[in-house]
Amino acid sequence: MPDHLIPVMAGHLVRADPGFMSTIELPEYAPVPQSATGPALNEHGYYVGRVERNLYWVTDGGYQAAFLTTADGVVLFDAPPTIGHNLQRAIDEIAAANGVPNKVTHLVYSHHHADHIGASSLFGPDVVRIGHAETKRLLARTGDPARPAPDLTFDTKHALEVGGETVNLAWHGSNHTPDNIYIHLPGHETLMLIDVVVPGWASFAAFNVNVDVPGSIAAPDNALDYPWKHFIGGHLGRLGTRDDLTLHQHYLADIVDNVRTALATVDPMPFYARYGDNVWAAVKAYLDTASAQAAAPVVEKYSGVLGAADVFITSTVFVILESLRLDLGEGLYIHP
Ligand SMILES: [Zn+2]
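For the protein chain, an unreviewed UniProt entry supplies the name MBL fold metallo-hydrolase and the organism Kribbella ginsengisoli.

Caption draft 1: Fine view of the sheet that holds strand 4 (residues 55–59). Taken in spatial order, the seven strands of this open sheet run 3-4-5-6-7-8-9, and their pairing is mixed. A single partner strand is all that each edge strand has here, and the edge strands are strand 3 (47–52) and strand 9 (152–154). Within this sheet the neighbouring strands show an average axis-to-axis angle of 20°, counted without direction. In this sheet, strand 5 (residues 64–70) lies alongside strand 4 in antiparallel orientation, the contact comprising five bridges. Bridging from a neighbouring strand, Tyr56 pairs with Phe67 of strand 5. The sheet contacts of helix 2 (residues 86–98) involve strand 3, strand 4, strand 5, strand 6 (73–77) and strand 7 (104–108), and relative to strand 5 the element is tilted by about 35°.

Caption draft 2: View of the sheet that holds strand 14 (residues 230–232). In space, the five strands of this open sheet follow the order 10-11-12-13-14, with mixed pairing throughout. Each end of this open sheet is capped by a strand with a single partner; those strands are strand 10 (157–162) and strand 14. Here the average twist between neighbouring strands, direction ignored, is 20°. Note: strand 13 (residues 190–192) against strand 14, three bridges, orientation parallel. Bridge pairing in strand 14 links Leu191 to Phe231.

Caption draft 3: Structural context of the pairing of strand 8 (residues 128–132). For strand 8, the tally of buried residues reaches four of five residues, placing the bulk of the element in the interior. Across three bridges, strand 7 lies against strand 8 in parallel orientation. Within strand 8, the position partnered with Val108 by the bridge is Ile130. Here three bridges tie strand 8 to strand 9, and the two strands are oriented parallel to one another. Within the sheet, the bridge partner assigned to His132 lies in strand 9 and is Phe154. The parallel pair strand 8 and strand 9, bridged by helix 4 (residues 133–142), forms a crossover whose chirality is right-handed.

Caption draft 4: Representation of the nonpolar core in the model. Among the nonpolar cores identified, the biggest contains 83 residues, and Ala66, Phe67 and Leu76 are the most heavily contacted of them. Residues lining this core come from more than one domain, with at least three contributed by each of domain 2 (34–197 + 228–239) and domain 3 (251–326). Beyond its immediate sequence surroundings of up to four residues, Leu76 is in contact with Ala65, Phe67, Leu87, Val104 and Leu107.

Caption draft 5: Inspection of the packing of helix 7 (residues 242–265) against helix 9 (residues 279–302) at higher detail. Remark: helix 7 packs on helix 9, axes separated minimally by 8 Å, with the N-to-C direction vectors making an angle of 145°. Viewed along their axes, helix 7 and helix 9 form a crossing whose handedness is right-handed. Facing Tyr251, Asp254, Ile255, Asn258, Val259, Ala262 and Leu263 of helix 7, the residues of helix 9 in contact are Ala290, Gln293, Ala294, Pro297, Val298, Lys301 and Tyr302. Looking at the contact of helix 7 with helix 9, its residues break down into ten nonpolar, two polar and two charged.

Cut-offs used in this document
Residues numbered from 1 in each chain as written. Predicted model: local features only at pLDDT ≥ 70, side-chain atom pairs only at ≥ 80, totals over all residues. Pairing = 2+ DSSP bridges. Helix = DSSP H or I, 4+ residues; strand = E, 2+ residues; numbered from the N terminus. Axes fitted to C-alpha atoms, helices over the stretch in contact; angles between N-to-C directions. Contact = placed C-beta atoms within 7 Å. Buried ≥ 20, exposed ≤ 12 C-beta atoms within 10 Å, placed from the backbone. Right-handed = clockwise from strand over helix to strand, strands pointing away. Core = buried A, V, L, I, M, F, W, Y, C linked by C-beta atoms within 7 Å. Domains from an automatic or database assignment. Left-handed = near helix turned anticlockwise from the far one by under 90°. Nonpolar A, V, L, I, M, F, W, Y, C, P; charged D, E, K, R; others polar.

Below, the structure is given as structure tokens:
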């Protein structure tokens, strides 16, 4: 983000450079409901709170990580670079208050994306890094020194035991990425699943930039199959509940229903007639029109219910529309 733009909430930007800002027009959005917001950050720019017993979560208001303090050391779950050095500050704060070790001995990777584990190298070479086998393959492909490959990998499940605590790691197929895992802490009634459901908020752009749309639509079902009360989704300022996942499922079901209606009712022919040999222009105009038609009722229903229901909806609807066509084969025509 250029430093002349200061983010406030919900996409509003305040002007730091009147000359620059007077040249562009920024859209207005619906206010973010109180239910989407979380606790205030401290003077370092983070909040750390207890999830349950010795499990804690950390946020910078945009990203989330978690850590488990034990008599044998700290297990850290993800290391987002935006939280960066505040991860160890948060751990130090909690460890000092409880008289337990502050040394991170294990670092669990939810998936390979740099925005969630790009501060991994801050914890040095002596940490045991754990992740899915595909995470190791994907990290080997890029060789980013900020994200050392996991030392310990698994294919379907792994029970991590540290200091008398158990963390169940599982892979149930691809969703947001091919390697995204479910992190279940049965002794803390907590499930961590990153970049699938953003509690209190509509999805980020292009349906959370998911590479596998059917897998991402199915993932909340897998998540709800586990017993838990607290959900760590990886983004924005608060933890989630089972109700947040159910609401997300209703939101997706409404998008899918409205996309099906748009595919069945928006006639592509006038767009081809208008643009002639510029086929891309015709296709774009058709898809934009169908996406806008599908998005409108979703925005109306979820404004005031989910934060930013009107911000990324068009790109999310487009990705789901294409998945219905390409993954599920809906709305396609066989030439007679
Ligand atoms: Zn991701």
